[in-house]
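So you can see what is in the structure, the chains are spelled out below.
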Amino acid sequence: MIKVATTLTALNKFGADYKFETAFYIDGEIKKKTRTLDGDLIFRSTGDPVLASTDVTRLIRQMINS
C-alpha cells in the first residue's frame with residue numbers, strides 16, 4: 001500500500017511525463033585491453049525507484065564498450 005501512495009504522490013508532483021536520469025561519469029582512462037578503469041567512476045541518479053542492479057550492469061557495459 002505504501003508503494004501506491006508513493007507512486008500517486010510522485011505522479012502528482014512530477015507528472016506522468018517525468019523521466020528519472022541515471023548516468024555514470026569517469027574521471028580517468030578506460031583501458032580497453034584489460035577492461036579496467038584507471039581513475040574514478042562517478043554514479044549520478046535522480047532517484048529512479050525502479051532502477052535495478054541489472055540496469056546498472058547494462059549501463060556499465062555500455063560505457064566500457066563505447
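Now for a quick tour of the structure. (Residues numbered from 1 in each chain as written. Predicted model: local features only at pLDDT ≥ 70, side-chain atom pairs only at ≥ 80, totals over all residues. Heavy atoms only, no water.)

1. Description of the overall build of the chain
- Scanning the chain from N- to C-terminus turns up 2 helices and 2 strands.
- Along its sequence from the N terminus, the chain presents helices and strands in the succession α-β-β-α.
- Relative to the 2.2 N^0.38 estimate, which gives 11 Å for 66 residues, the radius of gyration of the chain is 16 Å and therefore markedly larger than a compact globule would have.
- By the burial criterion, 6% of the 66 residues in the chain qualify as buried. (Helix = DSSP H or I, 4+ residues; strand = E, 2+ residues; numbered from the N terminus. Rg over C-alpha atoms; globule rule 2.2 N^0.38 Å. Buried < 20%, exposed > 50% of the residue type's maximum accessible area, 1.4 Å probe, protein only.)

2. Description of a nonpolar patch on the surface
- Together, Met1, Val4, Leu8 and Leu11 make up an exposed nonpolar region whose accessible area comes to about 470 Å².
- Mapping Val4 onto the fold places it in helix α1 (residues 2-14). (Patch = residues over 30% accessible without salt bridge, like charges linked within 9 Å, V, L, I, M, F, W, Y side chains within 5 Å. Areas by Shrake-Rupley, 256 points an atom, 1.4 Å probe, with all protein chains shown as cover. Salt bridge = Lys/Arg side-chain N within 4 Å of Asp/Glu carboxyl O.)

3. A closer look at the pairing of strand β2 (residues 36-45)
- By the bridge criterion, 10 bridges tie strand β1 (residues 22-31) to β2 in an arrangement that is antiparallel. Pairing of Gly28 across the sheet is with Gly39, part of β2. (Pairing = 2+ DSSP bridges.)

4. Quick notes on the packing of aromatic side chains
- As enumerated under the stated definition, the model contains 4 aromatic pairs in all.
- Look at Phe14 and Phe20: their rings are 6.4 Å apart centre to centre, the planes differ by 75°, and that puts the pair in the edge-to-face class.
- Among the aromatic residues, ring-to-ring pairing joins Phe14, Tyr18 and Phe20 into one connected group. (Phe/Tyr/Trp six-rings, centres within 6.5 Å; stacked < 30°, edge-to-face > 60°.)

5. Notes on the environment of Arg61
- Relative to the helices and strands, Arg61 is located in helix α2 (residues 53-65).
- In this structure Arg61 comes out as exposed when scored by relative accessible area, which is 52%.
- Spatially, the C-alpha atoms of Arg61 and Arg35 are 9.9 Å apart, while their sequence positions differ by 26 residues.

6. Side note on the pattern of salt bridges
- Counted according to the given criterion, the structure contains 1 salt bridge.
- We note a salt bridge from Arg58 to Asp55, for which the minimum N-O separation is 3.9 Å. One end of the pair, Arg58, and the other, Asp55, are both in helix α2, 3 residues apart, so they sit about a helical turn from each other.

7. What to know about α1
- Taking 1.5 Å per residue as the helical rise, α1 with its 13 residues ought to reach 18 Å, and the 18 Å between its terminal C-alpha atoms agrees with that figure.
- In the stretch just after α1, Gly15 is the one whose phi turns positive, near 90°. (Expected span 1.5 Å × (residues − 1).)

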